[in-house]
Amino acid sequence: MRRLTDLILLLAAVICTACSSPEPETPVNISISPASLTMKVGDITTLDLTGATANIEWTSSNEEVASVYYGVVTAKAIGKAEITAKVGSASANSIIYVTGTDGASLRISPPVVTLRPGDEYDFKYGNTYDLELTWSSSDPSVATIDPNGHVKALAPGSTTITLATNLESVTARVSVEHSWGEYTLVWSDEFDGSALDETVWSYNTGGNGWGNNEKQYYTSRPENIRVQNGMLEIEARKEQYQNNEYTSARIMSKSKKTFTYGKMESRIKFPGGKGTWPAFWMMGNSGGWPNCGEIDIIEHVGNIPARASFALHTVMKNGTKGNNWSSVKWFDYSLADDFHTYGIEWAQEEKDGKDVIRFTVDGVQYAEVWEEQMDNNDYWPFNKPFFFIYNLAIGGNMGGQIDDAIFNQQRIMYVDWVRVYQRSDK
């Protein structure tokens, strides 16, 4: 009986073996066409595989550069990737060279890196044709970079990292953060004396319209400008003077008192009245306008008494082109009714290595503009010494229509004080 049972089991095993499916044969040769291909970022193409139709495993050596799905390749970033098709132990490859949509064959990312002193960072990069690479830092005292794109942050500031081949170059920016201390008062003029401090201020005189079709002649006479009662007073008058119908005054601190970065504030009461155009502003201490740059901390127009205007002027964006940066704040009262403090916070490399200028009224921020919105020195000259200007214009492009009845009263711009605060690295 045992022999019969063993015989039956053996026969069943033979039958099962005969009925089972054979293992699939591994192809001896498979190939991909084309063997190499240049694509642009965003392109999609399908590779042809011969020698197999099933059980194919597709992979990419660099998914960030080119991805593959069932033989469909999507070009994603500048660089080089190897696409592999594998069936069992057989495999085939295709080299994908990806350029930018504009044909560029080099990339570095991200475009901006913010670090702290002592930090290290590795840039990602793409090199379509495996050309020899050269890395450099424009300011190695801020951050260094080695031949593999490894950055070491050393000191506060910013530097441009350049990646180059013999065909082209690309750049990124490394910003090493400052650790700022508190603002401290570094200078002020309280106008407490009996005369203008001419070691700080100079008179701007003339009546040529000042590029804005202004109607006044600026003088240095005490009838138009004086220091008394703890105030600087600039008075506009209706009177014939040097072929002009009005007089006023304008002073500046050019080459006498200049500043780069900080909080600049002044407590002012505007004169009001249709046709008045008082301003507290700054210009770059070197170069002609608009190359030197202009910061209009506050401009007030008597025809629009509840509005504060802020503006920047540069080579590429200025009033003569009508494209300068500007912003306004509307209040529910006339700014000429009382004293207000007008100022800017002009901060260095505050975000991603970029400067910022914020505009304030009574300590409240109402507008700001970042260096990154301006791009380069033609757009952003605000990284060098600037000087102060006070003036009271009559009429002109912004002052508008003049109501002579306003001169039945004194039209005076009162300046209580001007103060500058700055901060240093901790």
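Going by the structure above, here's the rest.
Our subject in this report is the structure included herewith. (Residues numbered from 1 in each chain as written. Predicted model: local features only at pLDDT ≥ 70, side-chain atom pairs only at ≥ 80, totals over all residues. Heavy atoms only, no water.)

Some details on the overall build of the chain
Here is step 1: Secondary structure assignment for the chain yields 2 helices and 36 strands.
Here is step 2: What you see for the chain is a C-alpha radius of gyration of 36 Å, clearly larger than the 22 Å of a compact globule of 426 residues, by over 25%.
Here is step 3: Dimensions of the chain, computed from C-alpha atoms along their principal axes, come out at roughly 135 × 55 × 45 Å.
Here is step 4: Counting over 426 residues, the chain shows a buried share of 46%. (Helix = DSSP H or I, 4+ residues; strand = E, 2+ residues; numbered from the N terminus. Rg over C-alpha atoms; globule rule 2.2 N^0.38 Å. Buried < 20%, exposed > 50% of the residue type's maximum accessible area, 1.4 Å probe, protein only.)

Considerations on the pattern of salt bridges
Here is step 1: In the structure shown here, the tally under the stated rule is 15 salt bridges.
Here is step 2: For the salt bridge of K238 with D404, the shortest nitrogen-to-oxygen distance reads 3.4 Å. Of the two residues, K238 is situated in strand β23 (residues 231–241) and D404 in the loop between α2 (396–399) and β36 (411–422); the sequence distance between them amounts to 166 residues.
Here is step 3: In this structure K238 comes out as partly exposed when scored by relative accessible area, which is 40%.
Here is step 4: Owing to a relative accessible area of 31%, D404 belongs among the partly exposed residues under this scheme.
Here is step 5: Its salt-bridge partner being R358, residue E350 comes within 2.2 Å of it at the nearest N-O pair.
Here is step 6: A relative accessible area of 12% means that R358 is categorised as buried.
Here is step 7: Each member of the salt-bridge network shares a partner with another, and the members are E345, E350, R358, E368 and R423. (Salt bridge = Lys/Arg side-chain N within 4 Å of Asp/Glu carboxyl O.)

Quick word on the sheet that holds strand β12 (residues 120–122)
Here is step 1: In spatial order, the strands read β12-β16-β15; together these 3 strands make up an open sheet with antiparallel pairing. Both edges of this open sheet fall to β12 and β15 (143–145), since each of them pairs with a single strand only. When strand polarity is set aside, the average angle formed by the axes of neighbouring strands in this sheet is 20 degrees.
Here is step 2: Bridge count for β12 against strand β16 (residues 150–153) is 3 bridges, and the pairing is antiparallel. Each bridged residue has a counterpart across the sheet, and for D122 the counterpart in β16 is H150. (Pairing = 2+ DSSP bridges. Axes fitted to C-alpha atoms, helices over the stretch in contact; angles between N-to-C directions.)

Geometric descriptors of this kind do not, in isolation, establish any biological role.
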